[in-house]
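What follows is each chain in one-letter form.
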Amino acid sequence: MKKILIIGCAIALFSCKKESKNISSETIEKFSPAVEENSVIYEVNIRQYSPEGTFNAFTKDIPQLKELGVKIIWVMPIFPISQTKRKATGGDDSKFASEMPAAEQHKYLGSYYAVSDFKKVNPEFGTIEDFRNLVQTAHENGIYVILDWVPNHTGWDHVWIKEHPEYYTKNAKGEIIDPINPETGKSWGWTDVADLNYDNQSLRAAMTADMMHWIKNEGIDGFRCDVAGNVPLDFWQKAIPQLRKEKNIFMLAEAWEPALLKDNLFDMAYGWDGHHTLNKIAQGKETVKNFDAYIEKINKDYEANDILMNFVDNHDENSWNGTIKSRLGAAEEAMTALTYVMPGMPLIYSGNEYGLEHSLKFFEKDSIPKTKGKQWELRAKLGKIKNELNALNGGKSKAAYTRIKASNENVLAFERTKNGKKVIYLANLSAQPVDVTIPVTGQYKDLMTEKPMGLNATQVYSMLPWQYYILTK
């Protein structure tokens, strides 16, 4: 009887393990290009998301991200951070934690991008079981999870430094070096990491295997790849197809190079130029003409099925270049709305939904506000219309974009159309009130206020600084 009981328990345990492993993949449909059309992507900074700075503290909030239209969560690097050359401060005069007063060194947690082991999780965030619960919870809520991957370099105490020094770039003295800017031939200043040498074929195999580990064993749905343009294109041309054979995945490149998007490599790249253009218009340094030039440039440089990520903020911008409010000022809402209605996929960075108004510390513990207010309501409305309106599709089968010529050069007007549906964005992108006529006639509804609005091509409209409308019939 005991033998039978033991065998029965063993079978039950095996079944439970098997069932648990399959739940994550069975509770969400396979990723497909259709998801990209109307998604909002959310970047979570686990360390700073909560006072606890843990996976579990974020996981409990995942269900409410659906209110914001989020369909993809990008998790900043979750890996252990190297102790060797751990950074305490950034910039030109950056310092290592070891250079700070001994009593303060413990508070300097280092850069998420100085990885010491690609197959483990940072114990500060919790356990691998906690991360699995995060992925499981996201999947149960119809949200995909992509992991921030760092293929260009490792921290200085990564196991490869000792066991495979041949994986790294070396100087004339045979010393491993930090990454070099290919345009200048000089160091980027990323002295807390060691540059990987992709001339080594064994490194390529090891990197691909580590990425495959997270897809195959932990159920993630893709990667955001740090400085992807600094890694040889032919690595991606071999590695990504291998990863896609295992699972339908979403690939985001922290890069702008169009070649990375060709032939089913990366799904999406960064709309850096668009981001900078929005900042400069808000600051009075550029105008609507520059936005038109940006749209013209991306139509020339990218193929019709390429996707760019639109953003007013991300972890780099917030920590190093200032908050949304400091960069956009009174234009914040109009520019945020523009990232949702222009071609592409909009990004929310941790704290944006709560009106984050300070630059988060990068190497130390910090925390975002957690009170819902105007910024939550704004992104909930924008997320809803992004999710529901085909005329705002921004993926591989995106809605058409047609510029509407307004009478005032400071007014941006365009329409997005697909399958007979139409959305119009109309905004005064200047700090001055304007009078304007729009060559459109018809009865519309303002999606932000739910109020009707009639347009007449001969009527003069007065618009306040940074006033905008998102209209549909």
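This text gives an overview of the structure that appears in the document.

What counts as what
Counting starts from 1 at the beginning of each chain's written sequence and moves along it residue by residue. For a predicted model such as this one, the threshold for reporting local features is a pLDDT of at least 70, and the threshold for listing and counting side-chain atom pairs is 80 or more; totals across whole chains, interfaces and linings nevertheless cover every residue. Only hydrogens and water are set aside when side-chain values are computed; all heavy atoms of the structure are taken into account. Numbering of helices and strands runs from the N terminus; a helix is a DSSP stretch of H or I covering at least four residues, while a strand is a stretch of E covering at least two. Helices are assigned an expected span. That span is 1.5 Å times one less than the residue count. Only protein chains enter the accessibility calculation, which uses a 1.4 Å probe; a residue is then buried when its area is under 20% of its type maximum, exposed when over 50%, and partly exposed in between. Only when DSSP finds a minimum of two bridges between them are two strands counted as paired. Convention adopted: a line fitted to C-alpha atoms gives each axis, helices being fitted over their contacting stretch, and angles between N-to-C directions are expressed from 0 to 180 degrees. Contacts: residue pairs with any heavy atoms within 4.5 Å of one another. A 3.5 Å cut-off defines polar contacts: any pair of N or O atoms within that distance qualifies, except that in protein one atom must be a possible hydrogen donor and the other a possible acceptor, and neighbouring residues in sequence count only when both atoms are side-chain atoms. The handedness of a crossover follows from its direction of travel: if, with the strands pointing away from the viewer, the path from the first strand over the helix to the second runs clockwise, the crossover is right-handed. By nonpolar core we mean a set of buried residues, namely Ala, Val, Leu, Ile, Met, Phe, Trp, Tyr and Cys, connected to one another through side-chain atoms within 4.5 Å.

### Focus on helix H15 (residues 374-388)
End to end, H15 covers 21 Å across 15 residues, agreeing with the expected 21 Å (1.5 Å per residue, within 8%). For H15, the set of buried residues is Gln375, Trp376, Leu378, Arg379, Leu382, Gly383, Ile385 and Lys386.

### Looking at the sheet that holds strand E13 (residues 421-428)
Judged by pairing direction, the sheet is antiparallel, and its 6 strands sit side by side in the order E11-E12-E13-E18-E15-E16 without closing on themselves. If you trace the sheet from one side to the other, it starts and ends with strand E11 (400-404) and strand E16 (451-455), each paired once. Each adjacent strand pair in this sheet contributes to an overall mean axis angle of 30°, direction not counted. In this fold helix H14 (residues 332-341) packs onto strand E12 (411-418), E13 and strand E18 (468-472), with an angle of close to 30° to the strand it touches most, E18.

### Considerations on the side chain of Asp267
When you line up the elements, Asp267 lands in the loop between strand E7 (250-253) and strand E8 (268-270). Since its relative accessible area comes to 6%, Asp267 is described here as buried. There is a polar contact of 2.8 Å between the side chain of Asp267 and the backbone nitrogen of Met251. Side-chain polar atoms of Asp267 contact the side chain of Lys396, separated by 2.8 Å. Apart from residues lying up to four places away in sequence, Asp267 is in contact with Glu36, Arg244, Ile249, Phe250, Met251, Leu261, Ile307 and Lys396.

### Focus: the pairing of strand E3 (residues 144-149)
Among the 6 residues in E3, 6 count as buried, and that is most of the element. The pairing of strand E2 (residues 70-75) with E3 spans 4 bridges and is parallel. Looking at the pairing, Ile72 lines up with Tyr144 of E3. For the crossover that starts at E2, traverses helix H6 (residues 128-140) and ends in the parallel E3, the hand is right-handed. As judged from the 3 bridges shared by E3 and strand E6 (residues 222-225), these two strands associate in the parallel manner.

### Some words on the sheet that holds strand E10 (residues 345-349)
The sheet built from 8 strands closes into a barrel, its strands ordered E1-E2-E3-E6-E7-E8-E9-E10 with parallel pairing. Strand-to-strand twist across the sheet, computed as the mean angle between neighbouring axes with direction ignored, equals 25°. Relative to strand E9 (residues 307-310), E8 runs parallel, the two sharing 3 bridges. Among the inter-strand pairings, Ala269 is bridged to a residue of E9, identified as Leu308.

### Considerations on the pairing of E6
Side-chain alternation along E6 places Gly222 and Arg224 on one buried face and Phe223 and Cys225 on a second face that is also buried. Pairing of E6 with E7 involves 4 bridges; the strand directions are parallel. Looking at E7, one finds that Arg224 is bridged to Leu252. Taken together, E6, helix H9 (residues 233-246) and E7 form a β-α-β motif whose crossover is right-handed.

### A short note on the nonpolar core
Ile41, Phe223, Met335, Tyr425 and Ile470 are the most contacted members of the largest nonpolar core, which has 129 residues in total. Looking at this core, the element that brings in the most residues is helix H8 (residues 201-218), giving 7 residues. Beyond its immediate sequence surroundings of up to four residues, Phe223 is in contact with Ile146, Leu147, Trp149, Met211, Trp214, Ile215, Leu243, Phe250, Met251 and Leu252. Among the nonpolar cores identified, the runner-up in size contains 17 residues, and Ile404, Ile424, Tyr444 and Met453 belong to it.

What is shown is where atoms sit, not what they do.
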